[in-house]
Amino acid sequence: MRKVVKFGGSSMANAKQYEKVKRIVQADPDRDVVVVSAAGKRFKEDHKVTDLLYLCYAHLQYGVESQSIFEMIESRYRGICNELELKVDIESELAAIRSQLKKDVRQDWLVSRGEYLSAMLMADYLGFQFVDSAEWLKFKFDGSVDTAASYATLKEIADDRAVVIPGFYGVLPDGNVKVLTRGGSDVTGALAAAALDAEIYENWTDVSGILMADPRIVDNPDTISYITYSELRELSYMGADVLHEASIFPVREKDIPLNIRNTNDPEHPGTIIKESFPDSYSEKDKLLTGITGKRNYSIVTISKNGMSSSLGYLRRILEIFERYGICVEFTPCGIDSFSLVVSTVASSKFIYTILGEIQEEIEPDSIDLIEGVSVVAAVGRNMAHQPGSSGALFDALGKNGINVRMISQGPEELNIILGVNNNDFEKTIRVIYDSFVK
Ligand code: ASP
């Protein structure tokens, strides 16, 4: 069975990285569908080619000279091509793009050229067939991907040959190129894996999988070996930056495992993401899969005697937030009070107007607003049906002098979410990590 392997921008940044990619692909003959990003950063202060292409387009829009930016892009690809002594006629490819810059070039087409050139060069280097994503990744006019048509087309094109596919873009019904949102090559890889019913979707990047906690907060956190899609959703929602969200759906639907790997450390097994794992995989002794969180929430608490036994209060209050386009993220409840947790940044403009409307509509006994709260999520499928897991967690926080201001746990017991003062944010994550993981 085939393996679809996607290499991100840092894996495509220069000739040295191309060599690593080749070694990885050649190490396993099943890795015969390769999806690539545009050239990324070679060092911290470097530029991503896609950013430069967007910049180039902005310059053209305002009639500002763009040649010097385009030359930076040209030199990146020319350099790789020459260093690896590839056969691609890079000068004609670059000239074709350059000539479009003088015309009324479309933004999506221009910014997709990073992936296009990367795939051209990598196909040549690996001796695989180049397959333009404008040939198979089809969008509907509403901007969604036409998966049925895309899958059928790729199946036919890539049926019995090894291919390299550019990430990030596809084609609209009128023939124009359209790009996915930023980071969209992850999605292209997932769509290709689903189209070809791949055995696995390997997403090669510059980290050895997903870490259990932010390394800026916890020293040297462990890598997560196995994580379910639901856990990943919880971690990403609460701030862990992992994969393009839309890349989950195509592989999840077909139950294709997604493996995050490191091009710079190819022996590391990385992280495997799947719908569920058999018990033997489950690392039952590991109660937590990951810890994450976000700062700067506001908590509005509304109290009114007799509220719990009356109908419609929560709905009416939520409707007020909805009218102002504010997403209420958690709603922890007391008996005759409940709280609404909202992002401070998102709500600050309207919060006092909203409180005024609540006052008028509900006539509560009191309304309190607390700001400067962080929300921390401890996520782990193994916490379910384990008596004592939340007890142990609160015990550890209490012993470390952390005051918990809000608690929320869903009945599926996949996570425990707590609100703490912003000042305690990092300490909370460290205490949970040290108590449960170390
Ligand atoms: N090159 C695109 C970006 O930088 C897409 C990707 O790399 O996934 O967003």
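Reading the values: the criteria
- Residues numbered from 1 in each chain as written.
- Predicted model: local features only at pLDDT ≥ 70, side-chain atom pairs only at ≥ 80, totals over all residues.
- Heavy atoms only, no water.
- Helix = DSSP H or I, 4+ residues; strand = E, 2+ residues; numbered from the N terminus.
- Buried < 20%, exposed > 50% of the residue type's maximum accessible area, 1.4 Å probe, protein only.
- Contact = heavy atoms within 4.5 Å.
- Areas by Shrake-Rupley, 256 points an atom, 1.4 Å probe, with all protein chains shown as cover.
- Lys, Arg positive; Asp, Glu negative; His and termini not counted.
- Charge placed at Lys NZ, Arg CZ, Asp CG, Glu CD.
- Near = heavy atom within 4 Å.
- Polar contact = N/O pair within 3.5 Å; in protein donor to acceptor, adjacent residues only side chain to side chain.
- Nonpolar A, V, L, I, M, F, W, Y, C, P; charged D, E, K, R; others polar.
- Phe/Tyr/Trp six-rings, centres within 6.5 Å; stacked < 30°, edge-to-face > 60°.
- Lys NZ or Arg CZ within 6 Å of the ring centre and 35° of its normal.
- Pairing = 2+ DSSP bridges.
- Right-handed = clockwise from strand over helix to strand, strands pointing away.
- Axes fitted to C-alpha atoms, helices over the stretch in contact; angles between N-to-C directions.
- Salt bridge = Lys/Arg side-chain N within 4 Å of Asp/Glu carboxyl O.
- Parallel < 35°, antiparallel > 145°, perpendicular 65-115°, else oblique.
- Left-handed = near helix turned anticlockwise from the far one by under 90°.

Chemist: What's the story with the overall build of the chain in this structure? I'm lost.
Modeler: A tally of helices and strands in the chain yields 15 helices and 16 strands. Summarising its shape, the C-alpha atoms of the chain cover approximately 75 × 55 × 40 Å along the three principal directions. The 438 residues of the chain split such that 51% are buried. A separation of at least 24 residues holds for 74% of the contacts in the chain among residues at least 6 apart in sequence. A total accessible area of about 20100 Å² is found for the chain, and carbon and sulfur atoms account for 48% of it. Of the side-chain charges in the chain, 47 are positive and 64 negative, and the distance between the mean point of each set is 3 Å.

Chemist: Honestly, the site of the ligand in this entry has me stumped. Any pointers?
Modeler: Every residue close to the ligand is listed here: Ser37, Thr50, Glu115, Phe168, Arg182, Gly183, Gly184 and Ser185. A distance of 2.6 Å separates a nitrogen atom of the ligand from a polar side-chain atom of Glu115. Here an oxygen atom of the ligand and a backbone polar atom of Ser185 are 3.0 Å apart. Compared with its free state, where it exposes 260 Å², the ligand has 90% of that area covered by protein. Its residues assigned to classes, the shell around the ligand shows one nonpolar, five polar and two charged.

Chemist: Help me understand the packing of aromatic side chains in this model?
Modeler: The way to describe two aromatic rings as a pair is by their centre distance and the angle between their planes. The full count for this structure, using the stated rule, is five aromatic pairs. Where Tyr18 meets Tyr125, the ring centres are 6.3 Å apart and the plane angle is 50°; that geometry is what we call tilted. Here Tyr18, found in helix 1 (residues 15-26), pairs with Tyr125, found in helix 6 (residues 113-126); they are 107 residues apart in sequence, far enough to count as distant. For the pair shown, Tyr18 and Tyr125 are each scored as buried. An angle of 90° between the planes, with centres 5.5 Å apart, marks the rings of Tyr116 and Phe130 as edge-to-face. Within this pair, whereas Tyr116 is found in helix 6, its partner Phe130 is found in strand 3 (residues 129-130), the two being separated by 14 residues in sequence. Pair check on accessibility: Tyr116 and Phe130 agree, each one buried. Stacked on the ring of Tyr125, the Lys or Arg Lys22 has its end atom at 4.1 Å from the ring centre. Sitting above the plane of the Tyr116 ring, Arg113 keeps its charged end 4.4 Å from the centroid.

Chemist: Just checking my understanding: could you explain the environment of Asp424 for this structure?
Modeler: Position of Asp424 among the secondary structure elements: in the loop between strand 16 (415-421) and helix 15 (425-436). Accessibility expressed as a relative area gives 17% for Asp424, which makes it buried. Excluding residues within four positions of it along the chain, Asp424 makes contact with Ile402 and Asn403.

Chemist: Hey, could you run me through the sheet that holds strand 9 (residues 258-262) in this one?
Modeler: Sheet strands line up and pair through hydrogen bonds in the backbone, either parallel or antiparallel. If you walk across this open sheet you meet the eight strands as 3-4-2-1-7-9-10-8, and the pairing is mixed. Since the sheet does not close on itself, it has two edges, and those belong to strand 3 and strand 8 (226-228), each with one partner. Across four bridges, the pairing between strand 1 (residues 3-7) and strand 2 (residues 33-36) is parallel. Across the sheet, the residue bridging to Phe7 is Val36, located in strand 2.

Chemist: Is there a simple way to think about the pairing of strand 1 in this case?
Modeler: Where a strand is regular, its side chains alternate between the two sheet faces. Counting buried positions over the five residues of strand 1 gives five, a clear majority of the element. Burial along strand 1 is two-sided: Lys3, Val5 and Phe7 and Val4 and Lys6, pointing in opposite directions, are all buried. Since strand 1 and strand 2 lie parallel, the crossover through helix 1 that links them has a hand, and here it is right-handed.

Chemist: How do you make sense of the sheet that holds strand 11 (residues 290-303) when you look at a structure like this?
Modeler: Pairing in this open sheet of six strands is antiparallel, and the strands run 12-13-11-14-16-15 from one edge to the other. Sheet topology places strand 12 (328-330) and strand 15 (404-408) at the edges, where each strand pairs with a single neighbour. Taking the axes of each pair of neighbouring strands and ignoring which way they run, one obtains an average angle of 40° across the sheet. Bridge analysis of strand 11 against strand 14 (residues 366-379) gives 11 bridges, and the strand direction is antiparallel. If you follow Lys294 over to strand 14, its bridge partner there is Val375. The sheet strands contacting helix 11 (residues 313-323) are strand 11, strand 12 and strand 13 (337-343), and the helix crosses strand 13 at an angle near 20°.

Chemist: Just checking my understanding: could you explain the pattern of salt bridges for this structure?
Modeler: Proximity of charged atoms lets side chains of opposite charge pair with each other. A complete count under the given rule lists 22 salt bridges for this structure. Residue Arg98 is joined to Glu74 by a salt bridge in which the shortest nitrogen-to-oxygen separation is 2.6 Å. Pair noted here: Arg98 is in helix 4 (residues 90-101) and Glu74 is in helix 3 (residues 67-83), with a separation of 24 residues, a long-range link. Between Arg381 and Glu231 there is a salt bridge, with its nearest N and O atoms 2.7 Å apart. Residue Arg381 is found in the loop between strand 14 and helix 14 (389-399), and its partner Glu231 is found in helix 9 (residues 229-237); the two are separated by 150 residues along the sequence.

Chemist: Before we go on, may I ask you to explain the packing of helix 1 against helix 6 in this structure?
Modeler: Helix packing for two helices is described by the angle between their axes and how far apart those axes are. In contact at an axis separation of 11 Å, helix 1 and helix 6 are set at 55° when each is read in the N-to-C sense. Here helix 1 lies oblique to helix 6, going by the angle between them. Note that helix 1 runs across helix 6; the crossing there is right-handed. Contacts between helix 1 and helix 6 involve Tyr18, Glu19, Val21, Lys22 and Val25 on the former and, on the latter, Ser118, Leu121, Met122, Tyr125 and Leu126.

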